[in-house]
Structure formats: structure tokens, C-alpha cells
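Okay, here's what each chain looks like letter by letter:
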Amino acid sequence: MGFRCGIVGLPNVGKSTLFNALTETQAAQAANYPFCTIEPNVGNVGVPDPRLDKLAAIAGSQKIIPTQLGFVDIAGLVRGASKGEGLGNQFLGNIREVDAIVHVLRCFENDDIQHVDNKVDPVSDADTVETELMLADLESLEKRVPAAQKKATGGDKEAKLLASVLQPALDLLRDGKPARHARPDGEEELRVFNQAQLLTAKPVLYVCNVDEESAANGNAFSEAVFAKAKAEGANAVIVSAAIESELVGMEVEERLVFLEEMGLHETGLARVIRSGYDLLHLITFFTVGPKEARAWTVHKGAKAPEAAGEIHSDMQRGFIRAETIGYDDYIALGGESAAKEAGKLRQEGKEYVVQDGDVLHFKFNV
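This text gives an overview of the structure that appears in the document. Quick caveat: nothing in here was measured; it's all calculated off a predicted structure.

Cut-offs used in this document
Along every chain, residues carry numbers that run from 1 in the direction the sequence is written. Local features in this predicted model are restricted to residues of pLDDT 70 or higher, and side-chain atom pairs are both shown and tallied only at a pLDDT of 80 or more, whereas totals for entire chains, interfaces and linings draw on every residue. The basis for every side-chain value is the complete set of non-hydrogen atoms in the structure, without hydrogens or water. When accessible area is computed with a 1.4 Å probe and restricted to protein chains, residues below 20% of their type maximum are described as buried, those above 50% as exposed, and intermediate ones as partly exposed. The way it works is that DSSP assigns letters per residue, a run of H or I at least four long becomes a helix, a run of E at least two long becomes a strand, and they are numbered from the N terminus. The arc in question is the one traced by the directions running from the helix axis out to the C-beta atoms. Two kinds of site are reported from a 1 Å grid over the protein atoms alone, namely cavities, where a 1.4 Å probe fits but cannot get out, and pockets, open sets with protein on both sides within 12 Å along at least five of seven lines, and residues are called lining when an atom falls within 4 Å of a point. Grid points are joined across faces, edges and corners, and a volume is the space filled by probe spheres set on the points. When residues are sorted by character, Ala, Val, Leu, Ile, Met, Phe, Trp, Tyr, Cys and Pro go into the nonpolar class, Asp, Glu, Lys and Arg into the charged class, and all the rest, Gly among them, into the polar class. As a rule, the C-alpha atoms of each element are fitted with a line to give its axis, helices using only the stretch in contact, and angles between N-to-C directions run from 0 to 180 degrees. For this classification, under 35 degrees means roughly parallel, over 145 means roughly antiparallel, 65 to 115 means roughly perpendicular, and everything else is oblique. Residues count as neighbours in contact if any of their non-hydrogen atoms are within 4.5 Å of one another.

Let us look at helix α2 (residues 50-59). For α2, every residue scored as buried is listed here: Arg51, Leu52, Leu55 and Ala56. Taken down its axis, α2 places every buried residue within 135° of arc, on the same side. Counted as exposed and oriented over 90 degrees from the buried face of α2: Pro50 and Ala57. Of the residues trailing α2, Gly60 is marked for its positive phi of about 65°.

Moving on to empty space enclosed by the protein. Applying the stated criterion to the full structure yields one cavity of 30 Å³ or more. Volume-wise, the largest cavity comes out at about 50 Å³. In this structure, the largest cavity is lined by Ile101, His103, Ala126, Val129, Glu130, Leu133, Val204 and Tyr206. In terms of residues, the lining of the largest cavity owes the most to one element, helix α4 (residues 122-153), which gives four residues. When its residues are assigned to classes, the lining of the largest cavity shows six nonpolar, one polar and one charged.

With that settled, the discussion passes to the packing of helix α5 (residues 157-174) against helix α6 (residues 187-195). Contact pair α5 / α6: the axes reach a minimum separation of 9 Å and the direction vectors enclose 75°. Classified by the interaxial angle, the pair formed by α5 and α6 is roughly perpendicular. On α6, the residues that touch Glu158, Leu161, Leu162, Val165 and Ala169 of α5 are Glu188, Glu189, Arg191, Val192 and Phe193. Split by residue class, the contact of α5 with α6 holds six nonpolar, no polar and four charged.

The structure is reproduced here in C-alpha cells:
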């Protein structure tokens, strides 16, 4: 299952610096967090999860393989992108292909780095990008909804469903609000909504790129962004791309000392990765053995056969049961054998909803 977050932002906000630091840092930690380049602007990074190391230590696993999240460095946007200005068409096309938007906002003053609007105003920058995305969605729906309504009058059930799902999104966009607030609850309605590939339906994470002095506690610029995120029901994190660039290539101990000196407990990139993971409503389950300890990703609410399918399609097709140990039980009891003796290894069937942290072993037959 490949999940990708598109990193967007206006020119000169630190977007590419963040992406480069993200991918180079993970490449430098290849033993635990492998990195691979798929295209020049796409990188997969391991999701930091200390639980995996603890499980591996107990099982004596030879290899540790984290679950991964993809990041795409999308070309900078300019006003008029929805009408094809700059790299508008490429920009909008790239966003359609990602699952979530990581929006980097400039939250620092620096006379040597020119802002496209000659002023530092991250909330205004966010609105500029959001407006272009809304205009593109509005243009799309103003063609699609009337066409669907016309088909619906002729008895086309799918067209009727499409019109009923997309009309609220169109109303929101006409009111200057993103389509994500019209996300339906029903399974069929959600399928149609997702198929529409609306740009403003994607979840958003705001990344406040601050100066080094503000990395620990933020500043007035980042406070304004956090207020905006709270009002929208979005997430926000603070990162100093300058600090993250300095961390690249450092040894682990050196990195920890540097972070402590800056008043930080972890890298900003770790927060970005985890927040991106949470943004997509993903959870992690583990498979653990002497050869490897590995983390896997599924959507929250996934059932056991779907989780098995993440490992191999044959496992899902021939699913019999999932031998399940909760993470806390595995750690507290010291491994699979002790958990089994204590009655903490459960046999779960096809309707079992996987929980975050589950240690699973699938039985299947094909």
C-alpha cells in the first residue's frame, strides 16, 4: 500500500530544503529507516516507531524494517495556477496523485531570501494556495454536477448519486470553502466523493518553517498558522528546515547532543512523518521473528484479511485466522512464547478489526 504526501508551498518558503533534508536524513539512517528514490522528486522514508526496535530486541530479529510513507516535492505554485500560470497544470496534476497535502509555510524573516509577495505572512500564503486549488475544483464541478443532474433526470442511478454527493461540495466551493468539509459518511457516497479526486478534499498538514531560534517554541508567525489549522480542523507542526539540513550526515550521538542544545527532543522531520501518517488515518501492525521485525500499514478500521493482504495477496485470498498479541502484552511478557503461555495470544477471524500495535501471524491456505 503506497501512501504519498505532496509537499507544496509558494517559492522560497523552504519546501525543497525540507524535502532534501527529509530524504537525505533517512538515507543516512539506512540501517533502520531505508530510503529509496523512485523519481527525482519522490522519496520513501521510514516512519519512526520506537516500538519496532523494542519488539526486535525481544525477538532477536536480524533485520528491522519500518513501514514507509512517500513524500513528493511538488513544483512551487504561483497565483493563477488554476488557469495554467507558471507550472500550474503540472502542479495541479501532481497534487491529484497524492493522498494528503503537506503545506510548507514560511514563518521566518530573512532579507537575503526574497518572498514572492515581499512580505512574510504564512496565513496569506496558505490562502493563496488554497484559493488556487478551490478555483480548480470549482471549475471542474461546475461542469460535472450539471451534467450528472441531467443524466439523473433520465433515470441514471450512478449519476443521481454523483450529483447528490458533489452538489454540497460545489456549494461549499462557491462559498469559498474547501470541499473536504462536504466529505460524506456513507460507504457508497464516500466512494463517489473520492473518485472525484477533488484537490481541496485532501487532508492538509501545515508545516511552519521557522528560524533556528524558534524551533523549540515557535513564533508569532507559527502561532497564526496553528490558529488557522485549529479553526479548519487541520494539523500543524513546527520545523526549522535550516536545523534539519544541519542534522544530515551527523552521527546519532552527535545529533542527539545538537538537538538537546537547541531545546528539542526529536527532529522536526520525525514530527512531519508521524503527522503525515496520522493525517491519513493509518495504523501500524507488526510481524516479528528471528529473521526480521517489520512494521506494516493499514487504514484505521481495517479487518484482519486486509492486513494479511498487505503482506501478500495470497494471504488475504486464503485467510484462515490471525494469531494476535497486543503490543503491550508482547513487551510485558517478553515475547510470543510467554504471551501464549499466559493466554494472551488470541485466534482472530475474518471480522477482527486490527488494532494499532498488534503483533500478527497469519494462517492461510491457497
